[in-house]
Amino acid sequence: MRAHPAGPLHGDGLPQPSLPPPPDPTAMARVDAQIWPATARRDPEGRLVLGGLPVTDLVARHGTPVLLLDEADFRARAAAFQSAYTDATVPGTVSYAGKAFLSGTTVRWLAEEGLGLDVCTGGELALATAAGFPAERITLHGNNKSDAELQAALAVGVGRFVVDALDEVTRLATLAAAAGVVADVLVRVTTGVEAHTHEFIATAHEDQKFGLSLTSGAAREAVLAVVARPELRLLGIHSHIGSQIFSTAGFEVAAHRVVGFIAELAARDGVVVEELNLGGGMGIAYLPGDDPVAPVAMADALRMIVAGECQRRALPVPRIGVEPGRAIVGPSMVTAYEVGTVKPVEYRTGAWRTYVSVDGGMSDNIRTALYDAEYTVALANRVSGAPAMLSRIVGKHCESGDVVVRDAWLPSDLARGDLLAVAATGAYCRAMASNYNLLTRPPVVSVRAGVERVVLRRETQADLFALDPALADVPAASHA
Ligand SMILES: *Cc1c(COP(=O)(O)O)cnc(C)c1O
């Protein structure tokens, strides 16, 4: 039986066993609270509403593509992490991983919510300080920090340096001495644990650029080098095991190994470690059924694990630090696109999918092309009673790998001019955006209680031409 190109797929047309059966129209219109921002809902006309504002109205004012940021959702997630780790007998620290998404506005929200901030380049550091983020709550990461970056961080009084190489210890100590300050340091170690979603590998190869190996002795060598320098103060040990993690099992193995290392440092070298930073990587829901661990449950579990490990070895319990990026900003944003070309394609005999082209793509969301990421997408300007059609949301770039959502069910009456919203695009989308094919990078507009605010304006062609001396003199009007 041959499915109609624009219609639902029938028995023999089902593409992959992994794809769920076509949902009914009500299910397609549903706004799953686990996936969409806290204030997302449908209004009586069926339009998607965020922060009290219909996406249709926001798009009318800001164009497409646009990233819409739910301020209440972002702040609630930040506050949930902050209280989960600081309301404890041994208060921990929460540092937002800036690489997930940075802007002056969101950095100020994080400062107000009391969190710390991780940066890993001079650019991220400059943004944080320009936005007025308290320097003592900033942590400088990076596997290749330049002298200039270390100097800038020392000059503003960054609170923590996470050293990632033996020579960095020497360079940081020399620069701290020159600046007349003592720098607080964590040593980043590799534990051989690599975690992703429900799986983790306990004996991951350490053949990667980050951290210092526990097993080879490089980590101990770096700790002893820090302790030997009066310009440096050892605060703790740092371990980051992966991303999009849905269970505590990987953290448990990593904590076991790091606490073993801390015990060795105490026994052999008399070195005291006050802080154990377990990194970021807490997972979020991209698809129905994804079930991330709530911050408070994760915090309780991590504290239990670390306390248990320390008790067994008669060690004082260190402060726990975490660095969530995705779990704070990821679910708080959605990307709205306008539908352009809609093209049914027979991908194998009798089986059809509809390629739905939108006005952005891999330049505003590289995660699907880069990591095979999966997303939930919905018709945003209306609801439809039409049956589901198997769809692939693609961008407008000259690249067949330019896919935003590989498999999705959308109403079969979808047409040019409709609006699509892709959920959970806050992390590693705008932050990784490019100008491929000279697309201008989309704006980020925050919404809260019926009020919108531009967090990042849309890039213009004039912004791009300004970098090109051969074009810089061309009047803006001719390339607006
Ligand atoms: C990327 C990264 C994070 C944040 O990861 P998320 O998956 O966004 O939570 C935290 N710490 C370090 C060291 C990282 O490299």
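Residues numbered from 1 in each chain as written. Predicted model: local features only at pLDDT ≥ 70, side-chain atom pairs only at ≥ 80, totals over all residues. Heavy atoms only, no water.

**Q** What's the story with helix H4 (residues 104–113) in this structure? I'm lost.
**A** For an α-helix the count is 3.6 residues per turn, leaving residues at separations of three or four pointing the same way. Residues of H4 that are buried: Thr105, Thr106, Val107, Trp109 and Leu110. Looking at the residues trailing H4, positive phi occurs at Gly114, about 90°. (Buried < 20%, exposed > 50% of the residue type's maximum accessible area, 1.4 Å probe, protein only. Helix = DSSP H or I, 4+ residues; strand = E, 2+ residues; numbered from the N terminus.)

**Q** I would appreciate a short explanation of the site of the ligand in the present structure.
**A** Lining the immediate surroundings of the ligand are 14 residues, of which Lys99, Gly281, Glu323, Arg326 and Tyr428 lie closest. A distance of 2.6 Å separates an oxygen atom of the ligand from a polar atom in the side chain of Lys99. Take Arg326: an N or O atom from its main chain is 2.8 Å from an oxygen atom of the ligand. Protein contact buries 92% of the 390 Å² of open area that the ligand shows by itself. The residue inventory of the shell around the ligand, partitioned by class, reads three nonpolar, seven polar and four charged. (Near = heavy atom within 4 Å. Polar contact = N/O pair within 3.5 Å; in protein donor to acceptor, adjacent residues only side chain to side chain. Areas by Shrake-Rupley, 256 points an atom, 1.4 Å probe, with all protein chains shown as cover. Nonpolar A, V, L, I, M, F, W, Y, C, P; charged D, E, K, R; others polar.)

**Q** Just checking my understanding: could you explain the layout of surface pockets for this structure?
**A** Once rolled over the atoms, a probe with the size of a water molecule shows which space is left empty. Volume-wise, the second largest pocket comes out at about 810 Å³. If you trace the second largest pocket, you find 29 residues lining it, with Pro20, Leu287, Pro288, Thr376 and Trp409 closest to the centre. Among the elements of the structure, helix H1 (25–29), strand E19 (377–379) and strand E21 (403–411) are those that each provide at least two residues to the lining of the second largest pocket. The biggest single contributor to the lining of the second largest pocket is E21, with six residues. Looking at the lining of the second largest pocket residue by residue, the class counts come to 20 nonpolar, three polar and six charged. (1 Å grid on protein atoms, 1.4 Å probe; cavity = no way out; pocket = protein on both sides within 12 Å on 5 of 7 lines; lining within 4 Å. Points joined across faces, edges and corners; volume = space filled by probe spheres on them.)

**Q** Can you help me understand the confidence of the model for the protein in this one?
**A** Low-pLDDT portions of the prediction should not be read for the details of their coordinates. Per-residue pLDDT for the protein has a mean of 94; in total, 95% of the residues score no lower than 70. Counting contacts from residues 1–15, a segment whose pLDDT is below 50, to residues more than four positions away or on other chains yields 36 contacts. (pLDDT = per-residue confidence, 0-100. Contact = heavy atoms within 4.5 Å.)

**Q** How do you make sense of the packing of aromatic side chains when you look at a structure like this?
**A** Each aromatic ring pair is described using two quantities: the centre-to-centre distance and the angle formed by the ring planes. Overall, the coordinates contain four aromatic pairs when judged by the stated rule. Through a chain of ring-to-ring contacts, three or more aromatic side chains come together here, namely Phe74, Tyr96 and Trp109. The ring of Tyr347 has Arg353 lying over it, and the distance from NZ or CZ to the ring centre is 4.2 Å. (Phe/Tyr/Trp six-rings, centres within 6.5 Å; stacked < 30°, edge-to-face > 60°. Lys NZ or Arg CZ within 6 Å of the ring centre and 35° of its normal.)

**Q** Help me out: how do you make sense of empty space enclosed by the protein in this one?
**A** With the rule as written, the count across this model stands at one cavity of 30 Å³ or more. By volume, the largest cavity is sized at about 40 Å³. The wall of the largest cavity is formed by Pro25, Met28, Ala29, Arg42, Leu379, Arg382, Val383, Ser384 and Pro411. Here the residues of the lining of the largest cavity are counted per class, giving six nonpolar, one polar and two charged.

**Q** I keep staring at the packing of helix H3 (residues 71–86) against H4 and nothing clicks. Help me out?
**A** For any two helices packed against each other, one specifies the inter-axial angle together with the distance between the axes. At their nearest, the axes of H3 and H4 sit 10 Å apart, and the two run at 40° to each other. In this view, H3 runs oblique relative to H4, as classed from their interaxial angle. In this structure, H3 crosses over H4, and the sense of that crossing is right-handed. Contact with H3, carried on its side by Glu71, Phe74, Arg75, Ala78, Ala79 and Gln82, involves Thr106, Trp109, Leu110, Glu112 and Glu113 of H4 and no other residues of that element. When its residues are assigned to classes, the contact of H3 with H4 shows five nonpolar, two polar and four charged. (Axes fitted to C-alpha atoms, helices over the stretch in contact; angles between N-to-C directions. Parallel < 35°, antiparallel > 145°, perpendicular 65-115°, else oblique. Left-handed = near helix turned anticlockwise from the far one by under 90°.)

**Q** Could you clarify how one ought to interpret the packing of H3 against helix H10 (residues 295–312) in this entry?
**A** H10 packs onto H3 with a crossing angle of 25° between their chain directions and a minimal axis gap of 8 Å. The angle between H3 and H10 falls in the class roughly parallel. The hand of the H3/H10 crossing is right-handed. Residues Ala80, Phe81, Ala84 and Tyr85 of H3 lie in contact with H10, whose contacting residues are Pro295, Val296, Met298, Ala299, Leu302 and Arg303. Looking at side-chain class alone, the contact of H3 with H10 contains nine nonpolar, no polar and one charged residues.

**Q** Before we go on, may I ask you to explain the pattern of salt bridges in this structure?
**A** Here the idea is simple: oppositely charged side chains can pair when their charged atoms come close. Evaluated as defined, the whole model comprises 30 salt bridges. In this structure, the salt-bridge partner of Arg47 is Asp43, at a minimum N-O distance of 2.8 Å. Looking at Asp43, the relative accessible area reads 13%, which means it is buried. For Glu168, the salt bridge is made with Lys145, and the minimal N-O distance between the two is 2.7 Å. Pair noted here: Glu168 is in helix H7 (residues 166–179) and Lys145 is in the loop between strand E7 (138–140) and helix H6 (147–156), with a separation of 23 residues, a long-range link. Glu168 gets classed as buried once you look at its relative accessible area, which sits at 2%. According to the relative accessible area criterion, Lys145 is buried, its value standing at 3%. (Salt bridge = Lys/Arg side-chain N within 4 Å of Asp/Glu carboxyl O.)

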